[in-house]
Each structure stands twice: as C-alpha cells, then as structure tokens.
Amino acid sequence: MADCVFCGIAGHDIPSNIVYEDDKLIAFHDLEPQAPVHVLVIPKKHIESLDDVKEEDQALLGYILFKIHDIAAELGLENGYRVVSNNGEDAFQTVKHLHFHILGKRKMSWPPG
C-alpha cells in the first residue's frame with residue numbers, strides 16, 4: 001500500500017535499522033522503544049491486522065512466529081522476551097499493518113497496560 005509506513009520500510013523506501021530480512025518478512029528496531037530491546041517484525045505482504053488474516057496467510061504467520069525465535073536469539077534475549085501484536089484501536093494499533101513487537105532485556109510486568 002502506497003501510504004503504509006511499514007510497506008515503505010519493507011520496500012526500502014523508508015530507512016530503518018534492520019536486524020533481519022528475508023523474502024517474507026523484515027525485522028527492525030522500533031523508533032520509540034519500550035524496552036532495551038524492542039524490535040518489530042512485519043510480513044512484507046500488507047495485512048492490516050489479525051482481523052484481516054486470510055486462510056492463505058496461515059503458512060506466513062506460522063513462518064513469522066517460527067522466525068521470531070531465531071531473531072530473539074540473535075538479539076541475545078536468552079532470559080526471555082515478550083511478543084505482542086496489537087489488534088485494533090482499543091489495543092492501540094497505531095500502524096495498520098500487521099506487526100509483532102519483540103520486547104526484551106528487562107523484567108516485564110503482568111498484567112500489561
């Protein structure tokens with residue numbers, strides 16, 4: 001999508017601090033980190049939110065979750081990490097492109113916000 005900031009990052013039209021990339025996804029540091037390590041993982045395919053996932057996206061989502069483990073290991077998150085996907089306005093999804101936050105290198109509280 002032309003007006004999607006994450007599509008711009010995935011297409012290398014908008015610069016970002018990339019930590020991992022392949023043909024299906026890209027992972028980059030969040031501009032407003034909420035933890036010492038805060039990386040976003042997005043599919044290169046534009047999917048607005050979890051509510052917009054189609055049956056044909058099952059393999060892609062499984063792949064993303066599988067790769068999050070590898071990305072977290074590369075980031076040195078050996079003591080644990082949190083994976084978050086905000087879905088919709090009440091969950092404070094500010095960019096309408098499916099994304100997963102990897103947060104680590106600090107103790108997380110529960111319940112979250």
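Residues numbered from 1 in each chain as written. Predicted model: local features only at pLDDT ≥ 70, side-chain atom pairs only at ≥ 80, totals over all residues. Heavy atoms only, no water.

## A word on the overall build of the protein chain
Heads up, the condition is: Put simply, DSSP marks the helices as runs of H or I at least four residues long and the strands as runs of E at least two long, and each gets a number from the N terminus on. We take the radius of gyration over the C-alpha atoms and set the globule estimate at 2.2 Å times the residue count to the 0.38 power. Each residue gets one of three labels from its accessible area relative to the maximum for its type: buried under 20%, exposed over 50%, partly exposed in between, using a 1.4 Å probe on protein chains only. Every residue pair with non-hydrogen atoms within 4.5 Å of one another is taken to be in contact. Within this scheme the basic residues Lys and Arg register as positive and the acidic residues Asp and Glu register as negative, but His and the chain ends are omitted. We put the charge of a Lys on NZ, of an Arg on CZ, of an Asp on CG and of a Glu on CD.
Within the protein chain, the regular secondary structure consists of two helices and five strands. From first element to last, N terminus to C terminus, the protein chain shows the α and β order α-β-β-β-α-β-β. Here the C-alpha radius of gyration of the protein chain, 14 Å, is about what a compact globule of 113 residues would show, namely 13 Å. In terms of overall dimensions, the protein chain has C-alpha extents of about 35 × 30 × 25 Å along its principal axes. For the protein chain, the proportion of its 113 residues judged to be buried stands at 38%. Excluding contacts between residues fewer than 6 apart, the proportion of contacts in the protein chain whose partners are at least 24 apart in sequence is 52%. Treating the 10 positive side-chain charges of the protein chain as one cloud and the 18 negative ones as another, the clouds have centres 7 Å apart.

## Thoughts on the sheet that holds strand β4 (residues 81–84)
Using the following cut-off: Any two strands with at least two DSSP bridges between them are considered paired. In this analysis, axes come from line fits to C-alpha atoms, helices being fitted only over the stretch in contact, and the angle between any two N-to-C directions falls in the range 0 to 180 degrees.
Taken in spatial order, the five strands of this open sheet run β1-β2-β3-β5-β4, and their pairing is antiparallel. Edge strands, defined here as strands with exactly one partner in the open sheet, are β1 (18–21) and β4. Taken over all neighbouring pairs, the strand axes of this sheet differ in orientation by 20° on average, direction set aside. The pairing of strand β3 (residues 37–43) with strand β5 (residues 100–104) spans five bridges and is antiparallel. When the sheet's bridge partners are listed, Val41 is paired in β5 with Phe100.

## Details of the state of the cysteines
Note the threshold: By definition, disulfides here are pairs of cysteine sulfur atoms that lie within 2.5 Å.
On inspection of all chains with the given rule, the structure shows zero disulfides. Distance from the sulfur of Cys4, which forms no disulfide, to the nearest cysteine sulfur (Cys7) is 3.7 Å. You can call Cys4 buried: its relative accessible area is 10%.

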